[in-house]
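# Report on the structure
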Amino acid sequence: MSHSRDPYDRSHEPQTDDVYGQEPWMLDPFADPYTGQTAQTPPEGYTPEQLYAQEPYVPGPETGQMLAQTGYPPAYEGDYQTGDYRTGEFRSGLEPEFEAWPTADEMRAEEPEAEQEPAKGGRMAAAAAAAAAARPRLRRVRRQRGRRLDNTVLVAVGLVGAMAVALLLNRPHQWEQPKLAADSSAPTAATVVCPGKPKSGADQVAVTNAAEGSGKVTLSGPGAGNGAETTVGAGKVTRASVKPGSVVVKAGKEVAPGLVAGRSTTKPLAATGCLPPQAEAWFPGVGAGATHNSILELTNPNSGAATVDISLYDEKGVVAVPEDLRGVAIPGNTTRTFDLLHVIPRKGELSLKTTVVRGQAGVMVRDRAVALETQGGSEDYFPGQSTPAETNLLVGYPNKSASRTLTVTNPGDAQVSAELRLLTPKNVLTPEGAPEISVPPNGQTQIDLTKLLGKDSAGDAYGVEIVATGPVATAMRSVDGGDVAITTATETISEPTAVVVPAGGGVGKKRVLISGPVTKTGASGTVKVVPMTAKGKALKAKSVEVGPGLGAEVEVPAEAALIQLVPEGVEINAAVAMSGDGDAVVPFRPLRSEVRTAGVAPGLPLPLEP
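These numbers come from a predicted model, not from an experiment.

Before going further, it helps to spend a moment on the pairing of strand S36 (residues 573-580). Within S36, six of the eight residues are buried, which leaves it mostly tucked inside the rest of the structure. Alignment of strand S31 (residues 507-515) against S36, held across seven bridges, turns out to be antiparallel. In the strand pairing of S36, Ser515 is matched with Asn573. Alignment of S36 against strand S37 (residues 582-587), held across six bridges, turns out to be antiparallel. Looking at S37, one finds that Gly580 is bridged to Gly582. Adjacent in sequence and paired antiparallel, S36 and S37 are bridged by one residue.

Structure representation (structure tokens):
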């Protein structure tokens, strides 16, 4: 059976819609294709192979809303054929472009004109050509979107929320940098600074090595003139004649481990140990008046410049610093001296703090007591306290003195209360009538201890313990007949150490005062006291037992120029108190016998167990 025209050539049929070759159900993906339709049967005379060989029409919405292809929901509600929007609906002018289906008019415009039936191929070839020509072409349009969120955005927000919940419910790993053992080695160089000489007295600088090293050391600075070099032996004290200015002692790797130096005068007696450069130092109870005056010395031991900041405190708080003490610049290899009487004259005592902000500097104070009647007086050295602490031990002071003044300085912003206790060879006790100590924030408090430390009330006491509710710096000033002696907070020692002390005329009794551990849980042990002459000859040694609350007092011969302490299994605080033509106190400090270098290695941090 034959037909007069191709069944798929529908150009001559009446159109029921505005789209050529598409049924209404093809335009609306939600329409029921069977509504109002009757079953259609393929025209007779065509085999299934011929029918399936034809390319089918691809339906697509006229409005360009590609729901299945893009995944976007309808951007608005309204007539998609007329383009009427809902009133008040948001429309963005900047929307992304995408490919959409052409409209019916565009499809008709691009439809090729009907051609005559070809000579060869018949109606089937013509139908294939017409189907290929009528295949829909995509065009680029701008999509109007409303305020609805895209499905992809909703999925991304959901994933982020799920990750946040997982992080909250699961405890994250804690990370820690792997700890490597520190490396210890002997120092290859050492530098200590000796302060300048007081106004009167025979002066000397003594240098030795408390370990087993021997070699040469160099002396420089204002007190050494053009510089000098001397040989130092293990256990032997080498004395050098110097000028009144400060002296810098530098040692190489042979003498650096165990380098010990000191400066002293006799008639009147004054002594101190030479200290390495300090980053910070506290001097509670300095003077700037007519009868009590202090001299600050800042020494730069290196060739590069150094800068030091100075702070002052009194009973009311921080004191305005004069311009001369603000950001003090110290050229290389020089010493700057400041007489507080001329820089900031005032009645009463002050607390002084130095902070090195650039380079290195050795810091020391010389304290002076002046008698107004005779204008005579004496000076002694005032070594600073490196760090304020809650517990301070002031070990060693003269047996008798006309006045003793304790100064407690609080560097914090809150008020601090402190308790005073006495150190005796048998125990640590709170004396009857002990004062209540309260220190204002950023201020100082002074307590008169003349009666409390008198011979009648505390004849066997050799030190004072200050236990505060916050870190404080402490010092005690003793004056007797114009002579002054300063007792500062001592450092804890657990390894062998030593000090050099003056010997000869003008020096009489010497006492080594040792305090055991502060806490009750500290260990007990023995301390060996070894006095030696300047030539290295060991004098009679003595071992004493110390422990929590248990101290010792050991007298050494007047000819001792070097005193060594060897603690065994115990931590101690100790000092040497000397008397003669005046009084002096020299504290023991830890020796710089090794340098510890932190272990460093490349790698990632290791996670701790959850």
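Attention now moves to the pattern of salt bridges. Pairing between side chains of opposite charge can happen when the charged atoms of each approach one another. Going through the model one piece at a time under the given rule, you end up with twelve salt bridges. Residue Lys216 pairs with Glu229 through a salt bridge whose shortest N-O separation is 3.7 Å. Note that Lys216 is positioned in strand S7 (residues 215-220) and Glu229 in strand S8 (residues 228-232), a separation of 13 residues in sequence. Here the two residues Lys216 and Glu229 agree in accessibility, since each one is exposed. We note a salt bridge from Glu297 to Arg366, for which the minimum N-O separation is 2.3 Å.

Attention now moves to the environment of Gly233. Following the sequence through the fold, Gly233 ends up in the loop between S8 and strand S9 (238-240). Sequence spacing of Gly233 and Gly213 is 20 residues, and the spatial spacing of their C-alpha atoms is 6.7 Å. Apart from residues no more than four positions distant in its own chain, Gly233 is found in contact with Thr208, Asn209, Gly213 and Ser214.

Topologically, Ile572 is positioned in the loop between strand S35 (562-568) and S36. Spatially, the C-alpha atoms of Ile572 and Val518 are 8.6 Å apart, while their sequence positions differ by 54 residues. What Ile572 contacts, discounting residues up to four positions off in sequence, is Glu491, Thr492, Ile493, Ile514, Ser515, Val527, Val546, Leu565 and Pro567.

Across the sheet, which stays open at both edges, the four strands sit in the order S9-S6-S11-S12 with antiparallel pairing between neighbours. Each having just a single partner strand, S9 and strand S12 (270-273) make up the two edges of the open sheet. The sheet shows a mean angle of 20° between the axes of neighbouring strands, taken without regard to direction. For strand S6 (residues 202-209) and strand S11 (residues 259-266), the ladder comprises eight bridges, and the chain directions are antiparallel. Within S11, the position partnered with Thr208 by the bridge is Val260.

With six of six residues buried, S37 is to be regarded as a mostly interior element. Alternating residues of S37 divide into Gly582, Ala584 and Val586 and Asp583, Val585 and Pro587, and every residue in both groups is buried.

To continue, consider the packing of aromatic side chains. Using the criterion set out here, one finds two aromatic pairs in the structure. Centre to centre, the rings of Trp282 and Tyr313 are 5.7 Å apart; their planes meet at 25°, and the pair counts as stacked. Of this pair, Trp282 sits in strand S13 (residues 280-287) while Tyr313 sits in strand S15 (residues 306-314); the two residues are 31 residues apart in sequence, bridging distant segments of the chain. Consider the rings of Phe283 and Phe382, whose centres lie 5.6 Å apart with planes at 80°: the pair is edge-to-face. Note that Phe283 is positioned in strand S13 and Phe382 in strand S21 (residues 377-382), a separation of 99 residues in sequence.

Moving on to the nonpolar core. In a soluble, globular protein the nonpolar side chains are often hidden away together inside. Residues Phe283, Val286, Leu296, Leu298, Ile310 and Leu352 are the most contacted members of the largest nonpolar core, which totals 31 residues. Counting residues per element, this core draws most heavily on S15, at four residues. Dropping the residues within four chain positions of it, Ile310 is found in contact with Leu296, Leu298, Val321, Leu325, Val328, Leu352, Lys353 and Thr354. Among the nonpolar cores identified, the runner-up in size contains 25 residues, and Ile493, Val512, Ile514 and Val576 belong to it.

Our focus in this paragraph is the sheet that holds strand S5 (residues 190-194). Spatially, S5-S10-S7-S8 is the arrangement adopted by the four strands of the open sheet, whose pairing is antiparallel. The open sheet has two free edges, formed respectively by S5 and S8, since each of these has just one partner strand. Mean inter-strand twist for the sheet, computed between neighbouring axes without regard to direction, equals 25°. Across four bridges, S7 lies against strand S10 (residues 247-251) in antiparallel orientation. Paired with Ser220 across the strands is Val248, a residue of S10.

On to the side chain of Ser246, then. Inspection of the secondary structure puts Ser246 in the loop between S9 and S10. By relative accessible area, Ser246 is classed as buried at 2%. Apart from the residues within four sequence positions on either side, Ser246 is in contact with Cys194, Pro195, Gly196, Ser220, Gly221, Pro222, Gly223, Ala224, Arg263, Glu297, Thr299 and Thr335.

Cut-offs used in this document
- Residues numbered from 1 in each chain as written.
- Predicted model: local features only at pLDDT ≥ 70, side-chain atom pairs only at ≥ 80, totals over all residues.
- Heavy atoms only, no water.
- Buried < 20%, exposed > 50% of the residue type's maximum accessible area, 1.4 Å probe, protein only.
- Helix = DSSP H or I, 4+ residues; strand = E, 2+ residues; numbered from the N terminus.
- Pairing = 2+ DSSP bridges.
- Salt bridge = Lys/Arg side-chain N within 4 Å of Asp/Glu carboxyl O.
- Contact = heavy atoms within 4.5 Å.
- Axes fitted to C-alpha atoms, helices over the stretch in contact; angles between N-to-C directions.
- Phe/Tyr/Trp six-rings, centres within 6.5 Å; stacked < 30°, edge-to-face > 60°.
- Core = buried A, V, L, I, M, F, W, Y, C linked by side-chain atoms within 4.5 Å.

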